[in-house]
Amino acid sequence: MSPLPISSIRIGKIEDVQELIKSKPNKVPERFIREANERGVLVSLKTQLHHHIPVIDLSKLSKPHTHDNFLFEILKLSQACEDWGFFQVINHGIEVEVVEDIENVAKEFFELPLEEKKKYPMEPGTVQGYGQAFIFSEDQKLDWCNMFALGVHPPTIRNPKLWPSKPARFSESLEDYSKEIRKLCKRLLEYIAISLGLKEERFEEMFGEAVQAVRMNYYPPCSSPDLVLGLSPHSDGSALTVLQQSKNSCVGLQILKDNTWVPVLPLPNALVINIGDTIEVLTNGKYKSVEHRAVTNRERERLTIVTFYAPNYEVEIEPMGELVDDETNPCKYRSYNHGDYSYHYVSNKLQGKKSLDFAKILN
């Protein structure tokens, strides 16, 4: 269920941050300035280097299931999902050329003149196109970020008018990249199922024809990074999210761990994976989605390509019976239609994990 534009929404003027830094490089408009309790906290690089989220080596998970390396890596995966909700994957099998190509075309797209990018507008109430998503009022604070988002799979969720003609190889590059990420997500869900003691096909059988979308985020430098946020705190509505950060980007992703914002330093050639709300519900809260945000940098830009992988919109979501026990682990979430939840998610501004509140069973 892809949301339709909501013509009644008044979102006011949304200034393009790339154009802002060209015309007023030392000024941050009021609408971008956050309250003190919301602002991103700048952490020194020295501090950042002390924080490494778990790293999963997928080459070890290609071993036979009885192999010591496989069993050890599955245990690491289980702990990463349960304790962090985030992890990085190395040796994931996606060719460097495919990764570099999507980075290059994404960068080229954001470097296009504004008038060219405005041919693919993100209409109010939708999450496809160029602009800012999750804006629902004229006084809502804005993120220091330009976004370009597209539905990828199945073809029925695509809006062909929003697929750009420039750069010329954009569509081909995105298709190639998305096919590889889709394979990766299927593999990861098999391993996650095994880590839960389930048969490896459990998620694929349940998801049907899975939904896949991509969002490219460009965070320009900001003269006052302590006053703004690159992306507001939120959890993802997906099952899995795959984040690729371009080379030479500054550190910007932070995750909420033990009530502290922890910066994530991506490893070279690694992909950052996080658990979405859907997996939290399906595992009855064993593997939880985690609130995260993006902060900006005074001197350096940041570019990310983010893929969201989720069940088909027709699927009913509820905790899996194998992970529910009336006495020791009662059901924590009610059943709901994934399409309805997706519409609910994109029809509200980003507010931490608030979007999942409607599904929680309060005892």
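Note that the structure is a prediction, hence the values are computed from the model and not measured. (Residues numbered from 1 in each chain as written. Predicted model: local features only at pLDDT ≥ 70, side-chain atom pairs only at ≥ 80, totals over all residues. Heavy atoms only, no water.)

## Some remarks on a negative patch on the surface
Phase 1: A grouping of Glu314, Glu316, Glu318 and Asp340 is seen on the molecular surface, where their side chains present a negatively charged patch.
Phase 2: Assignment of secondary structure puts Glu318 in the loop between strand E13 (316-317) and strand E14 (336-337).
Phase 3: Its relative accessible area of 44% is what places Glu318 among the partly exposed residues. (Patch = residues over 30% accessible without salt bridge, like charges linked within 9 Å, V, L, I, M, F, W, Y side chains within 5 Å. Areas by Shrake-Rupley, 256 points an atom, 1.4 Å probe, with all protein chains shown as cover. Salt bridge = Lys/Arg side-chain N within 4 Å of Asp/Glu carboxyl O. Lys, Arg positive; Asp, Glu negative; His and termini not counted. Charge placed at Lys NZ, Arg CZ, Asp CG, Glu CD. Helix = DSSP H or I, 4+ residues; strand = E, 2+ residues; numbered from the N terminus. Buried < 20%, exposed > 50% of the residue type's maximum accessible area, 1.4 Å probe, protein only.)

## Considerations on the packing of aromatic side chains
Aromatic ring pairs are reported here in terms of the distance separating the ring centres and the angle at which the planes meet.
Phase 1: Throughout the structure, instances matching the rule amount to 12 aromatic pairs.
Phase 2: Pairing Phe109 with Phe148 gives two aromatic rings, centres 4.2 Å apart and planes at 20 degrees, and the pair type is stacked. Note that Phe109 is positioned in helix H4 (residues 96-110) and Phe148 in strand E4 (residues 146-153), a separation of 39 residues in sequence. Taken individually, Phe109 and Phe148 each receive the classification buried, so the pair is uniform in this respect.
Phase 3: Ring geometry for Tyr336 and Tyr341: centres 5.4 Å apart, planes at 50 degrees, overall tilted.
Phase 4: Exposure remark for Tyr341: the relative accessible area of 1% places this residue in the buried category.
Phase 5: By way of ring pairs, the aromatic residues Phe109, Phe110, Tyr120, Tyr130, Phe148, Phe170 and Tyr218 are connected into one cluster.
Phase 6: If you follow Lys257 out to its NZ or CZ, it ends over the ring of Trp84, 4.7 Å from the centre. (Phe/Tyr/Trp six-rings, centres within 6.5 Å; stacked < 30°, edge-to-face > 60°. Lys NZ or Arg CZ within 6 Å of the ring centre and 35° of its normal.)

## Some thoughts on helix H6 (residues 170-195)
Phase 1: Given a rise of 1.5 Å per residue, 26 residues ought to cover 38 Å, and the 37 Å separating the end C-alpha atoms of H6 matches this to within 8%.
Phase 2: Following H6 by one or two positions, Gly197 has its phi on the positive side, about 80 degrees. (Expected span 1.5 Å × (residues − 1).)

## Thoughts on the nonpolar core
Soluble globular proteins: nonpolar side chains tend toward being buried together.
Phase 1: If you look at the biggest cluster of nonpolar residues, it comprises 68 residues, and the most contacted ones within it are Phe87, Phe148, Ile192, Phe203 and Met216.
Phase 2: Residue contributions to this core peak at 11 residues, all from H6.
Phase 3: The residues touching Phe87, leaving out its near neighbours within four places in the chain, are Ile53, Pro54, Ile56, Leu77, Ala80, Cys81, Leu188, Leu271, Val272 and Ile273.
Phase 4: In this structure, Val262, Val272, Val290 and Phe308 belong to the second largest nonpolar core, which totals 11 residues. (Core = buried A, V, L, I, M, F, W, Y, C linked by side-chain atoms within 4.5 Å. Contact = heavy atoms within 4.5 Å.)

## Focus on the packing of H4 against H6
Phase 1: For the pair H4 and H6, interaxial distance at closest approach is 9 Å and the crossing angle is 140 degrees. Here H6 runs oblique to H4, going by the angle between their axes. You can see that H4 and H6 cross each other, and the crossing is left-handed. On H6, the residues that touch Val98, Asp101, Ile102, Val105 and Phe109 of H4 are Phe170, Ser173, Leu174, Asp176, Tyr177 and Glu180.
Phase 2: Looking at the contact of H4 with H6 residue by residue, the class counts come to 7 nonpolar, 1 polar and 3 charged. (Axes fitted to C-alpha atoms, helices over the stretch in contact; angles between N-to-C directions. Parallel < 35°, antiparallel > 145°, perpendicular 65-115°, else oblique. Left-handed = near helix turned anticlockwise from the far one by under 90°. Nonpolar A, V, L, I, M, F, W, Y, C, P; charged D, E, K, R; others polar.)

## Here's the deal with the sheet that holds strand E3 (residues 129-131)
Phase 1: Across the sheet, 8 strands lie side by side as E1-E2-E10-E7-E12-E5-E4-E3; this open sheet has mixed pairing. If you trace the sheet from one side to the other, it starts and ends with strand E1 (55-57) and E3, each paired once. Taking each pair of neighbouring strands and ignoring which way they run, the sheet shows an average axis angle of 25 degrees.
Phase 2: With respect to the sheet, H4 is in contact with E3, E4, strand E5 (211-219), strand E7 (240-245) and strand E12 (302-310), its orientation differing from that of E12 by roughly 115 degrees.
Phase 3: Seen against the sheet, H6 touches strand E2 (86-90), E4, E5, E7, strand E10 (271-275) and E12 and runs at an angle of roughly 130 degrees to E7. (Pairing = 2+ DSSP bridges.)

## As for the pairing of E5
Phase 1: Burial runs high along E5: 8 of the 9 residues are buried.
Phase 2: Where E4 lies against E5, 7 bridges are found, and the strand directions are antiparallel. What sits directly across from His153, in E5, is Gln212.
Phase 3: Relative to E12, E5 runs antiparallel, the two sharing 9 bridges. Bridging from a neighbouring strand, Tyr218 pairs with Leu303 of E12.

## Observations regarding the pattern of salt bridges
Phase 1: Within the structure shown, the criterion is met by 15 salt bridges.
Phase 2: Residue Glu100 is joined to Lys247 by a salt bridge in which the shortest nitrogen-to-oxygen separation is 2.8 Å. In this pair, Glu100 is assigned in helix H4 and Lys247 in the loop between E7 and strand E8 (253-257), connecting sequence segments 147 residues apart.
Phase 3: A salt bridge links Asp101 to Arg169; its shortest N-O distance comes to 3.1 Å. With Asp101 in helix H4 and Arg169 in the loop between E4 and H6, the pair connects residues that are 68 residues apart, well separated along the chain.
Phase 4: A relative accessible area of 23% means that Asp101 is categorised as partly exposed.
Phase 5: Overall, Arg169 belongs to the partly exposed group, its relative accessible area being 32%.

## Observations regarding the pairing of E10
Phase 1: Of all 5 residues making up E10, 5 are buried, and the element is well covered by its neighbours.
Phase 2: Taking every second residue as pointing to the same face, both faces of E10 are buried, with Leu271, Ile273 and Ile275 on one and Val272 and Asn274 on the other.
Phase 3: Across 4 bridges, the pairing between E2 and E10 is antiparallel. Residue pairing for E10: Val89 is matched across the bridge by Leu271.
Phase 4: Sheet topology places E7 next to E10; 4 bridges connect them, and they run antiparallel. Opposite Leu240, over in E10, you have Ile275 as the bridge partner.

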